[in-house]
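Examining the three-dimensional arrangement
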Amino acid sequence: MALKKSQRSLKAWTKQKWRTKSGKPSGKTGERYLPEKAIKAMSKEEYAATTRAKRSGSAAGKQFVKQPKKIAKKTKRFRRVK
């Protein structure tokens, strides 16, 4: 039986190694969870910018905080379901 799109997405997500750059929980550090390959592809400045955005949004009480557009465009390919 073929998997539904949502099932394929979940299966692909579980194969990716999602983490923060420090390896510590995001709730404690304020860092953003991303696939390991996306973290490696980003410069220190880009990761700092997305972390600043996440911390700022979290401080405002938001659970979901968008990444800066330039960084979101760069990391999109690492989150894509294949």
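The notes below deal with the structure included here. Computed from a predicted structure; not experimentally measured. Residue positions are counted from 1 within each chain, in the order its sequence is given. The predicted nature of this model means local features are confined to residues of pLDDT at least 70 and side-chain atom pairs, given and counted, to a pLDDT of 80 or more, with totals for whole chains, interfaces and linings taken over all residues. The basis for every side-chain value is the complete set of heavy atoms in the structure, and neither hydrogens nor water enter the calculation.

Starting at the N terminus, helices and strands are each numbered in turn, a helix being any DSSP run of H or I of at least four residues and a strand any DSSP run of E of at least two. Along its length, the protein chain carries five helices and two strands. Reading the helices (α) and strands (β) of the protein chain from amino to carboxyl end gives α-β-α-β-α-α-α. Considered along the principal axes of its C-alpha atoms, the protein chain spans approximately 45 × 25 × 25 Å. Expressed as a percentage of its 82 residues, the buried residues of the protein chain come to 28%. The contact criterion used throughout is that any non-hydrogen atoms of two residues lie within 4.5 Å. Look at the contacts in the protein chain between residues 6 or more apart in sequence, and 36% of them connect residues 24 or more apart. Of the roughly 6500 Å² of accessible surface on the protein chain, a fraction of 56% belongs to carbon and sulfur atoms. Per-residue accessibility, obtained with a 1.4 Å probe over protein chains only, is compared with the maximum for each type, and a residue is labelled buried under 20%, exposed over 50%, and partly exposed between these values. Calculation of accessible area relied on Shrake-Rupley with a 1.4 Å probe; when residues are assessed, cover is drawn exclusively from the protein chains displayed.

We now examine the nonpolar core. Residue types Ala, Val, Leu, Ile, Met, Phe, Trp, Tyr and Cys, when buried and joined through side-chain atoms within 4.5 Å, form a set referred to as a nonpolar core. Residues Leu34, Ala38, Ile39, Met42, Tyr47, Ala49, Ile71 and Phe78 constitute the largest nonpolar core, which totals eight residues. If you list the elements that add at least two residues to this core, you get α3 (36–41), α4 (44–59) and α5 (69–79). Apart from residues no more than four positions distant in its own chain, Phe78 is found in contact with Gln16, Pro35, Lys37, Ala38 and Ala41.

With that settled, consider the side chain of Ser26. Looking at the element boundaries, Ser26 is found in helix α2 (residues 26–29). You can call Ser26 buried: its relative accessible area is 11%. Of note is the side chain of Ser26, whose polar atom sits 2.3 Å from the backbone oxygen of Glu31. Any pair of nitrogen or oxygen atoms within 3.5 Å is treated as a polar contact; in protein, a donor-acceptor pairing is required on top of that, and neighbouring residues in sequence qualify only through side-chain atoms on both sides.

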